[in-house]
Amino acid sequence: GSSASVHAGGACFGPSRAHALAMRTEPAVALLSAAAAGVAGASEDSAPRVSFECANPLFKAHWYTNDLEFSHLQGEPETYTRLERCPMWNHRRSCCNPSMEAPQQVAFDGWLHHLGLQVNHLEVYFRSLRALGQSEEYRHSEALERALFDRALGAFPPALAHAKRCVRAIMAFVAGMICFGCNPRWGELVWRSADGGVTAVNVSGSSCLYVDLRCGPFGRAVKLASRRVMESGLAKAPEAALPDFSMLEDRISSCEWLRAAVALQPLRGGPPPGRRLAHTDDFDPFAAAGRPAHPDERGRQCAALGGRLADELRT
């Protein structure tokens, strides 16, 4: 086992736009020049040299390669000063470089799209119930059925009210796990199988607590809404599907989900082309009220994330 643990958070990911994915010219040129020099000195059939420090199996698809058109981690740890997505690794030896910021952003957007889609399913079901409550079918139902339906309908607003805070907390965790690929000491923070694959990440208890404090109320509210729907025949009429948020109902379940579903696939694919949710495009977990933060402001917010986390855990 591993005695160290990963504290997810502190990374900076904004909304997915072309300018957000663009790399700064100077570090990009330096990176390409260094890579080109390495390729020039190697034979065409030689395999790229990858240090164990930068060979985290969770990020194998982005291990160092001689292909200059492919976003990849460093072959060996280097020090950069202008990493924007994982700024906590600036001025430190890490496996990240500017070329990785595009796939890191895509991964962040992919998780955000997935979570936003699940919340959207909840909103769609709620709207279907509201429309049903204005229908002739509702008005001609027996008094008991109308009462059960009204109770189901009333359970949705509290759940939706908790959704945004929960998604923000999960996305802070996701950002931290995406930046785990920068860590050259990753081997001290994981459990591995006999063939070298990562079977578990030693996520810190404080990270689990951080998410549970913000997602527990949401998970329990969704559970109650689902239970109320099951009690009413009329409330089960909508064809829309209710999303499954059972993994957020309690601290143990949420921590198991974070460790199994999120930590073990930090660079999951991005959203399908043309299927972005408009209301999630401007999501920024480090911005107030959901508005995109200015890059300079985001940097200050990221630097203070650890302090904010400690303060919030005490409240």
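Quick summary incoming for the structure in this document. This structure is a prediction, so every number in the text was calculated from the model and none was measured.

Each value, and the rule that gives it
- Residues numbered from 1 in each chain as written.
- Predicted model: local features only at pLDDT ≥ 70, side-chain atom pairs only at ≥ 80, totals over all residues.
- Heavy atoms only, no water.
- Axes fitted to C-alpha atoms, helices over the stretch in contact; angles between N-to-C directions.
- Helix = DSSP H or I, 4+ residues; strand = E, 2+ residues; numbered from the N terminus.
- Parallel < 35°, antiparallel > 145°, perpendicular 65-115°, else oblique.
- Contact = heavy atoms within 4.5 Å.
- Nonpolar A, V, L, I, M, F, W, Y, C, P; charged D, E, K, R; others polar.
- Left-handed = near helix turned anticlockwise from the far one by under 90°.
- Expected span 1.5 Å × (residues − 1).
- Polar contact = N/O pair within 3.5 Å; in protein donor to acceptor, adjacent residues only side chain to side chain.
- Core = buried A, V, L, I, M, F, W, Y, C linked by side-chain atoms within 4.5 Å.
- Buried < 20%, exposed > 50% of the residue type's maximum accessible area, 1.4 Å probe, protein only.
- Domains from an automatic or database assignment.

### Observations regarding the packing of helix 3 (residues 101–132) against helix 6 (residues 156–178)
The relative placement of two packed helices comes down to the angle between their axes together with the axis-to-axis distance.
Consideration 1: One can describe the packing of helix 3 onto helix 6 by two numbers: an axis separation of 10 Å at closest approach and a directional angle of 170 degrees. Here helix 3 lies roughly antiparallel to helix 6, going by the angle between them. Residues Gln-104, Ala-107, Phe-108, Trp-111, Leu-112, Leu-115, Val-119, Leu-122, Glu-123, Tyr-125, Phe-126 and Leu-129 of helix 3 form the contact with helix 6, whose participating residues are Phe-156, Pro-157, Ala-159, Leu-160, Ala-163, Val-167, Ile-170, Met-171, Val-174, Ala-175 and Ile-178.
Consideration 2: Here the contact of helix 3 with helix 6 is composed, by residue class, of 21 nonpolar, 1 polar and 1 charged.

### Some thoughts on the packing of helix 6 against helix 7 (residues 205–231)
Consideration 1: Between helix 6 and helix 7, whose axes approach to 8 Å, the crossing angle comes to 150 degrees. Regarding the angle of helix 6 to helix 7, the classification is roughly antiparallel. With respect to the hand of their crossing, helix 6 and helix 7 are arranged in left-handed fashion. Contacts between helix 6 and helix 7 involve Phe-156, Pro-158, Ala-159, His-162, Ala-163, Arg-165, Cys-166, Ala-169, Ile-170, Ala-172 and Phe-173 from the first element and Ser-207, Tyr-210, Val-211, Leu-213, Arg-214, Cys-215, Pro-217, Phe-218, Ala-221, Val-222, Ala-225 and Val-229 from the second.
Consideration 2: Class assignment for the residues of the contact of helix 6 with helix 7 results in 19 nonpolar, 2 polar and 2 charged.

### Side note on helix 8 (residues 251–262)
Consideration 1: For helix 8, which comprises 12 residues, the first-to-last C-alpha distance of 15 Å matches the rise-based estimate of 16 Å (1.5 Å per residue) to within 8%.
Consideration 2: Buried-residue contacts for helix 8 involve helix 3, helix 6 and helix 7.
Consideration 3: Two to three positions downstream of the cap, the backbone nitrogen of Ile-252 sits 3.1 Å from a side-chain oxygen, assigning the N-cap of helix 8 to Asp-250.

### Topic: the nonpolar core
Soluble globular proteins tend to bury their nonpolar side chains together.
Consideration 1: Ranked by internal contacts, the top residues of the largest apolar core, which has 68 residues, are Ile-170, Phe-180, Val-201, Leu-248 and Trp-257.
Consideration 2: Secondary-structure elements contributing two or more residues to this core are helix 3, helix 5 (143–154), helix 6, strand 4 (198–201), helix 7 and helix 8.
Consideration 3: No fewer than three residues from each of domain 1 (52–100) and domain 2 (103–271 + 299–314) sit in this core.

### Quick word on the side chain of Ser-94
Consideration 1: Looking at where Ser-94 falls in the secondary structure, it is placed in strand 2 (residues 93–94).
Consideration 2: Only 3.2 Å separates the side chain of Ser-94 from the backbone nitrogen of Cys-96, close enough to count as a polar contact.
Consideration 3: In contact with Ser-94, other than residues within four places in its own chain, are Gln-74, Glu-76, Pro-77, Glu-78, Leu-83, Trp-89, Cys-182 and Pro-184.

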